[in-house]
Amino acid sequence: VWGANAVLGVINIITKSSRDTHGTTITAAAGSSQRAFGSVSTSGATGSTNYRVYVGGSDNAPMSQQSGASANDAWSSLQAGFRLDGSYKKNTWMLEGDLFRGAENETAVNPSIIAQAFEGSLTGELRRRVGDTGEFRIQSYYAYADRPVPQTTKAMTSTWDTEFRYDVTKAQVHHLSVGAGKRLISENMGISTSIGIL
């Protein structure tokens, strides 16, 4: 069910359907460490399709060294996304995606630099009822991440995953799940070189 890499445990995060979050939510905060934080989320329905969209961001101050000097590690982020849920006869479907952009000061061998991270994902799912106790599901997602770190020019990862699954209940006691999945991961890493002159 969880794949070959589920050895020590599984973290299963299930986000709420947009049918269950109608309305608008606004959050905001400010402080000395997290200098600013805020988000706006709104949900509703158009015909048989429910939707949710959100945008949020934060700005964080640098930490302090033991001497009291700044550690030059301030960071900020911006994230936005959406989710759509719909149904048609025996079928239900879901489509969601998000984008994330972060900027972080990092101090390493070279002088402090600003690392720009970018991530995005898109997930789709289709479920179809089969008889009174069966359900067929297909889910696929694509995720992209570019998270450069000191001494690298790029650190890109692309992941594509698709899963087919059939669930059926027999005699109101036994639950059978069968299926298959495929995951492809592509990584592209670039190493920077620097020459010091004394």
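In case you missed it, the structure is sitting above this.
Counting of residues starts from 1 at the beginning of each chain's written sequence and follows it residue by residue. A pLDDT threshold of at least 70 governs which residues receive local features in this predicted model, and a stricter bar of 80 or more applies before side-chain atom pairs are shown or counted, although totals over entire chains, interfaces and linings include all residues. Hydrogens and water are ignored here; the side-chain numbers use all heavy atoms of the structure.

J.: Describe the packing of aromatic side chains, naming the residues involved and giving the relevant values.
T.: Each aromatic pair joins two rings of Phe, Tyr and Trp (for Trp, the six-membered one) with centres within 6.5 Å, and gets the label stacked for planes under 30 degrees apart, edge-to-face for over 60, and tilted for any other angle. Enumeration over the complete set of coordinates arrives at one aromatic pair. Relative to Tyr144, the ring of Phe118 lies with its centre 6.2 Å away and its plane at 55°, an arrangement referred to as tilted. Of the two residues, Phe118 sits in strand 6 (residues 113–130) while Tyr144 sits in strand 7 (residues 134–146), which places them 26 residues apart along the sequence. Relative accessible area decides the class of each residue, using a 1.4 Å probe on protein chains only: under 20% of the type maximum gives buried, over 50% gives exposed, and in between gives partly exposed. A relative accessible area of 32% means that Phe118 is categorised as partly exposed. With relative accessibility at 25%, the residue Tyr144 sits in the partly exposed group. Secondary structure elements are defined from DSSP: runs of H or I of at least 4 residues count as helices, runs of E of at least 2 residues count as strands, and each element is numbered from the N terminus.

J.: Outline the pattern of salt bridges, supporting the account with residue identities and numerical values.
T.: We count a salt bridge whenever a side-chain nitrogen from Lys or Arg sits within 4 Å of a carboxyl oxygen from Asp or Glu. One pass over the structure, following the stated rule, counts ten salt bridges. A salt bridge links Arg35 to Asp59, with the nearest nitrogen and oxygen atoms 2.9 Å apart. Note that Arg35 is positioned in strand 2 (residues 34–46) and Asp59 in strand 3 (residues 49–60), a separation of 24 residues in sequence. Judged by its relative accessible area of 37%, Arg35 is partly exposed. In this structure Asp59 comes out as partly exposed when scored by relative accessible area, which is 27%. Ionic contacts of the salt-bridge type, sharing partners, join the residues Glu125, Arg127, Glu135, Arg137 and Glu163 into one network.

J.: Describe the side chain of Arg137, naming the residues involved and giving the relevant values.
T.: Checked against the element boundaries, Arg137 lands in strand 7. We call two N or O atoms a polar contact when they sit within 3.5 Å, provided that within protein one can donate a hydrogen and the other can accept it, with sequence-adjacent residues counted only if both atoms are side-chain atoms. A polar side-chain atom of Arg137 sits 2.5 Å from a polar atom in the side chain of Glu163. What makes two residues a contact is simply this: any of their non-hydrogen atoms within 4.5 Å. Setting aside residues up to four positions removed in sequence, Arg137 forms contacts with Glu125, Leu126, Arg127, Glu163, Phe164 and Arg165.

J.: Pulling in residues and values, what's your account of the pairing of strand 1 (residues 23–29)?
T.: Strand pairing follows a simple DSSP-based rule, namely that at least 2 bridges must link the two strands. In this structure, strand 1 lies alongside strand 2, joined through seven bridges in antiparallel fashion. Paired with Ile26 across the bridge in strand 2 is Val40. Once strand 1 ends, the chain turns through four residues before running back antiparallel as strand 2.

J.: So what's going on with a nonpolar patch on the surface? Residues and values would help.
T.: Residues Ile26, Val40, Val55 and Leu78 make up a contiguous nonpolar surface patch of about 360 Å² in total accessible area. Looking at the element boundaries, Val55 is found in strand 3. On the accessibility criterion, Val55 (40% relative accessible area) is partly exposed. Only residues whose relative accessible area exceeds 30% and that form no salt bridge enter a patch; like-charged residues are grouped when within 9 Å of one another, and nonpolar side chains (Val, Leu, Ile, Met, Phe, Trp, Tyr) when within 5 Å. Throughout, the Shrake-Rupley method with a 1.4 Å probe supplies accessible areas, and for residues the shown protein chains are the sole cover considered.

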